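Working through the structure, step by step
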Amino acid sequence: MKKYKYLIFDADHTLIDFAADEREAFKRIFAECGMATSGEMLDRCRALSEKTWDDAGLSDVDDERIQRTYHDLYRSHLDLLFTRIYREFPPVRPISPREAGEKFLRYLEDGGAQVKDAEKVLSALAEPSGGQYRICVATNGLHSIQTGRLRALEKYIYKLYISEDVGVIKPLSTFFFRVLSDLNAEKSECLMIGDSLQSDIAGAEGAGIDSCWLNAERKENRSDVKPDYEIFSLKELLDILC
């Protein structure tokens, strides 16, 4: 195996659990609207969230229009999401879809539910805790949300790169080249670890960086994107790197 100096992790679904943080944010919104929540209700909101994300084009990170407008769409698509949610679950004490979306973003900042074994793995790998690697995080998203949700893991993180700050999103090679430039690192010194073939693995491949696909759902890879490594749980990374 190659000798790496920098491990570049994706955030959502790799280190932190967006679905869990989203559920908590939904619960807080509904509580303010005077409504109790059920598991079935939250599952439906998750489905509506995924549909609205897709309808807004946010899943299509290869589309040039989405690449240019990603962060604006991230915020604006929530108006439609809460409009759809209210149709199915009319609030007792309504707040506007726009206000609900703004609150939702703020509540996400308080999240930080971790993917299984995330802290254990970072603790074993990171230089500050006795490991041999400098840990970086490279994530698409908004600065306030991602910094808030990664707060519990920040002691392991050498550098954090958020698309809103970088100015472009993954999988654009420009994103990865800016990371390399900031680190003053060679491509060969870096390994990208992420759950998304389209964003993390294809992006790393396009920039000439080795990649490791966290395939927790054991999906079949029917794409032309070929990661250098594939793992089914985060802790398997230790078998590769330690």
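So, a few notes on the structure that sits alongside this text.

This part is about the packing of aromatic side chains. Under the criterion given, the structure shown has ten aromatic pairs. Centroid distance Tyr-6 to Tyr-158: 6.3 Å. Interplanar angle 40 degrees. Geometry classified as tilted. Placement of Tyr-6 in strand S1 (residues 6–9) and of Tyr-158 in strand S3 (residues 157–162) is noted, with a sequence separation of 152 residues between them. Classification of Tyr-158 as partly exposed rests on a relative accessible area of 41%. Judged by centre distance (5.6 Å) and plane angle (65 degrees), the ring pair of Phe-175 and Phe-176 falls under edge-to-face. We classify Phe-175 as buried; its relative accessible area is 0%. On the accessibility criterion, Phe-176 (2% relative accessible area) is buried. Pairwise contacts between aromatic rings join Phe-26, Phe-82, Tyr-86 and Phe-104 into one cluster. Above the plane of the ring of Tyr-107 lies Arg-28, whose end atom (NZ or CZ) is 3.8 Å from the centre.

Our next topic: helix H2 (residues 39–55). Across its 17 residues, H2 extends 24 Å between first and last C-alpha, which sits within 8% of the 24 Å expected from 1.5 Å per residue. Listing the buried residues of H2 in full gives Met-41, Leu-42, Cys-45, Arg-46, Leu-48, Ser-49 and Thr-52. Projected onto a plane normal to the axis of H2, the buried residues spread over an arc of 165 degrees and lie on a single side. Next to the buried residues of H2 lie helix H1 (18–32) and helix H3 (64–88). At the C-terminal side of H2, Gly-57 shows a positive phi close to 90 degrees.

A few words on the pattern of salt bridges. On inspection of all chains with the given rule, the structure shows 20 salt bridges. Of the charged contacts, one joins Arg-23 and Asp-43 as a salt bridge, the two residues approaching to 2.8 Å between their closest N and O atoms. Of this pair, Arg-23 sits in helix H1 while Asp-43 sits in helix H2, and the two are 20 residues apart along the sequence. Salt-bridge contacts for Glu-32 lead to Lys-103; the nearest nitrogen and oxygen are separated by 3.1 Å. With Glu-32 in helix H1 and Lys-103 in helix H4 (residues 97–108), this residue pair connects regions lying 71 residues apart in the sequence.

Okay, the pairing of strand S5 (residues 210–214) next. Of all five residues in S5, five are buried; the element is thus mostly enclosed. Neither face of S5 is left uncovered, since the one carrying Asp-210, Cys-212 and Leu-214 and the one carrying Ser-211 and Trp-213 both have all their residues buried. Here four bridges tie strand S4 (residues 190–194) to S5, and the two strands are oriented parallel to one another. Of the residues in S5, the one forming a bridge with Gly-194 is Trp-213. Read as a crossover between parallel neighbours, the route from S4 over helix H9 (residues 197–206) to S5 is right-handed. In terms of strand pairing, S5 meets strand S6 (residues 229–231) through three bridges, oriented parallel. In the sheet register, Trp-213 faces S6, and the bridge partner there is Glu-230.

Backbone geometry follows two general trends: most residues other than glycine have a negative phi, and most peptide bonds adopt the trans configuration. The omega torsion across Lys-170 and Pro-171 is 20 degrees, close enough to zero to call that bond cis. As for its placement among the helices and strands, Pro-171 is situated in the loop between helix H7 (163–166) and helix H8 (173–183). Phi at His-13 is positive, roughly 70 degrees, even though this residue is not glycine. Mapping His-13 onto the fold places it in the loop between S1 and H1. Since its relative accessible area comes to 40%, His-13 is described here as partly exposed.

Their axes nearest at 10 Å, the elements H1 and H2 cross at an angle of 115 degrees. On the basis of the axis angle, H1 is roughly perpendicular to H2. Note that H1 runs across H2; the crossing there is right-handed. Side by side, H1 and H2 meet where Phe-18, Ala-19, Glu-22, Arg-23, Phe-26, Lys-27 and Phe-30 of the first sit next to Gly-39, Met-41, Leu-42, Asp-43, Cys-45, Arg-46 and Ser-49 of the second. Considered class by class, the residues forming the contact of H1 with H2 number seven nonpolar, two polar and five charged.

Parameters and conventions
- Residues numbered from 1 in each chain as written.
- Predicted model: local features only at pLDDT ≥ 70, side-chain atom pairs only at ≥ 80, totals over all residues.
- Heavy atoms only, no water.
- Phe/Tyr/Trp six-rings, centres within 6.5 Å; stacked < 30°, edge-to-face > 60°.
- Helix = DSSP H or I, 4+ residues; strand = E, 2+ residues; numbered from the N terminus.
- Buried < 20%, exposed > 50% of the residue type's maximum accessible area, 1.4 Å probe, protein only.
- Lys NZ or Arg CZ within 6 Å of the ring centre and 35° of its normal.
- Expected span 1.5 Å × (residues − 1).
- Arc of directions from axis to C-beta.
- Contact = heavy atoms within 4.5 Å.
- Salt bridge = Lys/Arg side-chain N within 4 Å of Asp/Glu carboxyl O.
- Pairing = 2+ DSSP bridges.
- Right-handed = clockwise from strand over helix to strand, strands pointing away.
- Axes fitted to C-alpha atoms, helices over the stretch in contact; angles between N-to-C directions.
- Parallel < 35°, antiparallel > 145°, perpendicular 65-115°, else oblique.
- Left-handed = near helix turned anticlockwise from the far one by under 90°.
- Nonpolar A, V, L, I, M, F, W, Y, C, P; charged D, E, K, R; others polar.

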